[in-house]
Each structure stands twice: as structure tokens, then as C-alpha cells.
Amino acid sequence: SFLPLYIGQEVQLNINLLPPKLVRGAIGTVLGLQLHPAEPPRGWDLQDYESRKEFSLTKTLLLQYSPKVVYVRMHDCNTTYIDDAEPGVIAIEPYTASWQFRSRERKQNIPVKRRQIPLQPSRQTTLHGIQGKTADPGYIAHWAFPENLDSDQKWLAHYMQLSRPRS
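What you see is a predicted model; the values in this text were computed from it and never measured. (Residues numbered from 1 in each chain as written. Predicted model: local features only at pLDDT ≥ 70, side-chain atom pairs only at ≥ 80, totals over all residues. Heavy atoms only, no water.)

**Q** When you look at the packing of aromatic side chains in this model, what are you seeing that I'm missing?
**A** Between two aromatic rings, the relevant description is the distance of the centres plus the angle of the planes. Scanning the entire structure with this criterion turns up one aromatic pair. Look at W155 and Y159: their rings are 5.4 Å apart centre to centre, the planes differ by 5 degrees, and that puts the pair in the stacked class. With a gap of four residues between them, W155 and Y159 both fall in helix α2 (residues 151–163), about one helical turn apart. (Phe/Tyr/Trp six-rings, centres within 6.5 Å; stacked < 30°, edge-to-face > 60°. Helix = DSSP H or I, 4+ residues; strand = E, 2+ residues; numbered from the N terminus.)

Structural data, given as C-alpha cells:
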């Protein structure tokens, strides 16, 4: 998978980091990132990437690995989390989530691990992220569900999709 990020982008948290302020849906602005140690060297420092030809031609930087850290300035937050940083700046690291996928064909559980940075663009909303909220300005519903959802889970998914938008 991929996560398009850019300096100055408005993002929101996908997990609860430090309740009650830094919770799912909290908004911030990307300030920068620290490359993963295994990222292939490019012969230049990320701090001056705008002056380099590779970046200036495409305005993009495709990484081989998730960044080690993404620095985000959280909105409406005056708490200092990082020494020598302005208030509200947090260092977000990738985390690993584990679960079991139940396959109907194989009739067995398959262990799954996913490593991700718990951020998404601020205007996007997922079905899980909208629980308990009103969808402002709205959200996209695909009406496609996994085959192995039972009837209660399907009912809840339909309820969430129909009840969260204002109109």
C-alpha cells in the first residue's frame, strides 16, 4: 500500500495516541519526516531535497520503506511533546497491527500483520473512523462489504453509512 504525504499537508490520526487530545480524527499538519535507515541512499540530505534535481523535476519522492518518523504539528494543541520543538509537534512512528483473516474457502484463520503510519488525509473518513461522529463535509460509501460479514455486521455497516452524513 502507499500513503501520499507532502510537507504542509493536513492529516488526521487513525488511532488514539494520547487521549484526550491526540485521538482518532485529530487534525494536524505534516512538518517533515525522517527516512527509514534501510532507505537506499540518494547522495543528498532530505533537508535540502527541494534543491535537488530528482525532486525538482517531479515534485515527488518515492520511498522504498515507510519513514521512520513523520513530524506533525497538531492543531489546537499547546502541549510540548518533543524537547526543543514547538508545542503541539509530535513524532508519529509506524506501528504493526495483527489480526486473523478467516477464509471461507480454506476454513481456517490466516495470521496477518500490517505495518502502517496511522495517518490519513484530513478530509477522508473511513467507516471505522466515523463511529460516533457526523460526517462533515461527508464521506464516500462504496457499498461493498467482505463476504464473511455476518448479518449483524452488515446491518451495522449500513446503519453507519446512512446515519452519519447530515443529509
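Having seen the model, we can carry on.
**Q** In this structure, what is going on with the sheet that holds strand β7 (residues 119–121)? I would like to understand it.
**A** Hydrogen bonds between backbone atoms are what pair the strands of a sheet, whose relative direction is either parallel or antiparallel. Spatially, β4-β3-β2-β1-β7 is the arrangement adopted by the five strands of the open sheet, whose pairing is antiparallel. Every other strand in the sheet has two partners, leaving β4 (89–92) and β7 as the edge strands with one partner each. Direction aside, neighbouring strands of the sheet carry axes that sit 45 degrees apart on average. Bridge analysis of strand β1 (residues 10–13) against β7 gives three bridges, and the strand direction is antiparallel. Bridging across to β7, L13 finds its partner in L119. (Pairing = 2+ DSSP bridges. Axes fitted to C-alpha atoms, helices over the stretch in contact; angles between N-to-C directions.)

**Q** Honestly, the side chain of Q9 in this entry has me stumped. Any pointers?
**A** In this structure, Q9 sits in the segment before β1. Taking relative accessible area as the criterion, Q9 reaches 5% and is therefore assigned buried. Here Y6 takes part through its backbone nitrogen, which lies 3.0 Å from a polar atom of the side chain of Q9. For Q9, the residues in contact, after removing those within four places along its chain, are P4, G28, T29, V30 and P121. (Buried < 20%, exposed > 50% of the residue type's maximum accessible area, 1.4 Å probe, protein only. Polar contact = N/O pair within 3.5 Å; in protein donor to acceptor, adjacent residues only side chain to side chain. Contact = heavy atoms within 4.5 Å.)

**Q** Where do I start with the pattern of salt bridges in this structure?
**A** When the charged atoms of two side chains with opposite charge come close together, those side chains can pair. Evaluation of the coordinates by the stated rule reveals one salt bridge. Residue E86 is joined to R73 by a salt bridge in which the shortest nitrogen-to-oxygen separation is 3.2 Å. One end of the pair, E86, is in the loop between β3 (69–74) and β4; the other, R73, is in strand β3, and 13 residues separate them in sequence. Look at R73 and you get partly exposed, because its relative accessible area is 22%. (Salt bridge = Lys/Arg side-chain N within 4 Å of Asp/Glu carboxyl O.)

**Q** In this structure, what is going on with the nonpolar core? I would like to understand it.
**A** The tendency in soluble globular proteins is for nonpolar side chains to be buried as a group. In this structure, L13, V70, V72, M74, I90, I92 and L119 are the most contacted members of the largest nonpolar core, which totals 13 residues. Elements with a minimum of two residues in this core: β1, β3 and β4. Every residue in contact with V70, bar those within four places of it in the chain, is listed here: L5, V30, G32, L33, I90, A91, I92, I117 and L119. (Core = buried A, V, L, I, M, F, W, Y, C linked by side-chain atoms within 4.5 Å.)

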